[in-house]
Amino acid sequence: MAYERHQQMLAEVKETAAGIKKDAGLSSKASVRADFLKEDPKSFGTESMSYVQVAAEIIEENEELLALSRLCDRFVPQYLKICKTLEKTVEYLGSVCLTKSAMKYYGKDVSLISHLTIEHLHQMLSFNFRKVKAALDEKKNKLHKFDLDLYNQMLSFAKVMQRLRVTENRALDIKLGLEEPRQQIKNITNFSKSESASAAPLRELPSYPIHYEAIADGIRVQEPGAGDKKEQGAGSTVSESASQKSKTVDQNAVLSSRDFERQAKFNALNDEEKVLYAEVVKRPDIVTEMRSKLRNVGYCCLHEAEIRSIRKILAVIDSG
C-alpha cells in the first residue's frame, strides 16, 4: 500500500508542476498522434522500487513544486493549486520522515532520503503560510473582500505544521531510544466513555504515521530447515510429530523476534554507550548501580543525558 501511495503522490506532484509551467508559458504540450502505441517496452525496468527510492523521487519533484510556489503570483488561481498539492506532499513526506527514523533505528539504509528533515518541510509551509496571509490581507484592505479560499488554505497549513511538530518529537524519541517504533501505533488517543466531551475541546493532533511496510522489507522470521527431520537409521524416528513441529516453529519465531528486538535496541546506542554496554556485560555490579540511579529522582533531574543513556543500555540488557 505504501508504494501505491508513493506513486499516486509522485504523479500528482508532477502533474501540478507541469500544469503550472504550461500556464506560465514555460512549455508547450505536443499534439498526440493516432499512432501513440510506439514506446519501447524495454525503455524502463520492471524491477520493484524500494520505499526509499520512490520517496527520493517524490522529494525531488516536491522541491521543484516549492520553487514554483516561491515564484508564482499569489493572486492567480494556480497559486492555490500549488499550495494544495504542496500541502498534501508535505503531509506524505512527514510520514516518510518518521518512517526514516524508524528505519534507522532498525539499522536499515536510508541514505537516499537522509537529507529530508521535518524542519525543511516546516519551512516550506511557513513561507507559503506568510504568502497566503499577505494575499488575504491585501484583498481585505484594497478590495474589501474576505477570500475564504485563502483563509481555508491558511488553516490547512496551520494544521499540517502542528502535526509536523508532534511528528518531530516522536522522531526524536525514537532517535534517543526512548520509544520503540512499533509502539507508535499504541499512541493513538483513545477517549474513554467516562471522559466528558467538553473537558478538552482542543486535543493535540497526532503525528504522521510510520509506514511499517518499509521497516518489514527484508525481515523474515527464520523457518526451521532441514534440521527438522532426523536422519533415518536403524530404529530412528523418520520425522517429528505434527505437534512437536508446531512447537519448534513457535520457539524459533519467538527467539528470532527477541534477537531482532535486542539488535535494534543495540543499534540505537551511540559509540560511547556501546563501549559502556560492553563493560556492563562483564560487570553485573554496574547494572545494579545503574538501576539505583534510575530510582533516584533527584539524580535523574540533574543528569538527564546520563539517565537517557542508562535507559537505552538497560533496555538492551533487559531484552535478552
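Counting starts from 1 at the beginning of each chain's written sequence and moves along it residue by residue. The predicted origin of the model limits local features to residues at a pLDDT of at least 70 and limits the giving and counting of side-chain atom pairs to 80 or more, whereas totals for whole chains, interfaces and linings rest on all residues. As a convention, hydrogens and water are excluded, and side-chain values are obtained from all of the structure's heavy atoms.

Moving on, we come to the overall build of the protein chain. Helix and strand content of the protein chain: eleven helices and zero strands. Each helix (α) and strand (β) of the protein chain, taken in turn from the N terminus, gives the series α-α-α-α-α-α-α-α-α-α-α. Each residue's exposure class comes from its accessible area (1.4 Å probe, protein chains only) as a fraction of the maximum for that residue type: buried when under 20%, exposed when over 50%, partly exposed otherwise. In the protein chain, which comprises 320 residues, the proportion classed as buried is 33%. Any pair of residues with heavy atoms lying within 4.5 Å of one another is described as a contacting pair. When contacts within the protein chain are restricted to residue pairs at least 6 apart in sequence, long-range pairs at least 24 apart make up 75% of them. Counting every atom, the protein chain has about 20,500 Å² of accessible surface; 53% of that belongs to carbon and sulfur. Secondary structure counts use DSSP, requiring at least four H or I residues in a row for a helix and at least two E residues in a row for a strand, with both numbered from the N terminus. Throughout, the Shrake-Rupley method with a 1.4 Å probe supplies accessible areas, and for residues the shown protein chains are the sole cover considered.

Side chains of Phe146, Leu148, Tyr151 and Leu155 sit close together on the surface and give an oily, nonpolar patch of about 380 Å² of accessible area. Mapped onto the elements, Tyr151 comes out in helix α5 (residues 148-175). Tyr151 sits in the partly exposed class, given a relative accessible area of 33%. The patch calculation keeps residues exceeding 30% relative accessible area without a salt bridge and links them within 9 Å when they carry like charges or within 5 Å when they are nonpolar (Val, Leu, Ile, Met, Phe, Trp, Tyr). What counts as a salt bridge is simple: a side-chain nitrogen of Lys or Arg found within 4 Å of a carboxyl oxygen of Asp or Glu.

Mapped onto the secondary structure, Thr167 falls in helix α5. N or O atoms within 3.5 Å of each other form a polar contact, as long as, within protein, one can give a hydrogen and the other can take it, and as long as residues adjacent in sequence are counted only when both atoms are side-chain atoms. Here Arg163 takes part through its backbone oxygen, which lies 2.7 Å from a polar atom of the side chain of Thr167. Among all residues touching Thr167, those that are not within four sequence positions of it are Gly94, Leu98, Ile118, Ser207 and Tyr208.

Attention now goes to the pattern of salt bridges. Under the defined criterion, the tally for this structure stands at twelve salt bridges. The partner of Glu138 in a salt bridge is Lys142, with the nearest N and O atoms 3.3 Å apart. Here Lys142 and Glu138 lie together in helix α4 (residues 118-143), a separation of four residues that amounts to about one turn. Since its relative accessible area comes to 61%, Lys142 is described here as exposed. Of the charged contacts in the structure, one is a salt bridge between Glu273 and Lys312, with a shortest N-O distance of 3.0 Å. Here Lys312 lies in helix α11 (residues 304-318) and Glu273 lies in helix α8 (residues 271-282), a separation of 39 residues in the sequence. Exposure remark for Glu273: the relative accessible area of 6% places this residue in the buried category. Exposure remark for Lys312: the relative accessible area of 9% places this residue in the buried category.

Note on terminology: a nonpolar core comprises buried Ala, Val, Leu, Ile, Met, Phe, Trp, Tyr and Cys residues joined through side-chain atoms within 4.5 Å. Ranked by size, the top nonpolar core spans 54 residues in total, and within it Val90, Val96, Leu121 and Leu164 carry the most contacts. Of all the secondary-structure elements, those providing two or more residues to this core are α1 (2-23), α2 (51-71), α3 (77-105), α4, α5 and α6 (212-216). Not counting residues within four places of it along the chain, the set of residues in contact with Leu121 comprises Val90, Leu93, Gly94, Cys97, Leu116 and Leu164. By size, the runner-up hydrophobic cluster in this structure holds twelve residues, among which are Met290, Ile307, Ile310 and Val316.

Bringing the layout of surface pockets into the picture now. Using only the protein atoms, space was sampled on a 1 Å grid; points where a 1.4 Å probe fits but cannot get out form cavities, open sets with protein on both sides within 12 Å along at least five of seven lines form pockets, and lining residues are those with an atom within 4 Å of a point. Grid points are joined across faces, edges and corners, and a volume is the space filled by probe spheres set on the points. Estimated volume of the largest pocket: approximately 540 Å³. Residue lining of the largest pocket: 19 residues in total, with Lys100, Ser101, Lys104, Ala171 and Lys175 positioned closest to the centre. Among the elements of the structure, α3, α4 and α5 are those that each provide at least two residues to the lining of the largest pocket.

Before going further, it helps to spend a moment on the environment of His120. With respect to the element layout, His120 can be found in helix α4. Using a relative accessible area of 25% as the deciding quantity, one classes His120 as partly exposed. When sequence neighbours within four positions are dropped, the list of residues in contact with His120 reads Glu63 and Leu66.

Further remarks concern the side chain of Lys139. With respect to the helices, strands and loops of the structure, Lys139 is situated in helix α4. Residues in contact with Lys139, not counting those within four places in the same chain, are Phe75, His144, Lys145, Asp147 and Leu150.

A pair of aromatic rings is counted whenever rings of Phe, Tyr or Trp (Trp by its six-membered ring) have centres within 6.5 Å, and the orientation is called stacked for planes under 30 degrees apart, edge-to-face for over 60 and tilted otherwise. For the coordinates displayed, the defined rule picks out three aromatic pairs. With a centroid separation of 5.1 Å and 80° between ring planes, the pair formed by Tyr105 and Tyr106 is classed as edge-to-face. In this structure, Tyr105 and Tyr106 share a single accessibility class: buried. Sitting over the ring of Phe127, Arg70 keeps its end group 4.6 Å from the ring centre. By definition, being over a ring means that NZ of Lys or CZ of Arg is both within 6 Å of the ring centre and within 35 degrees of the ring normal.

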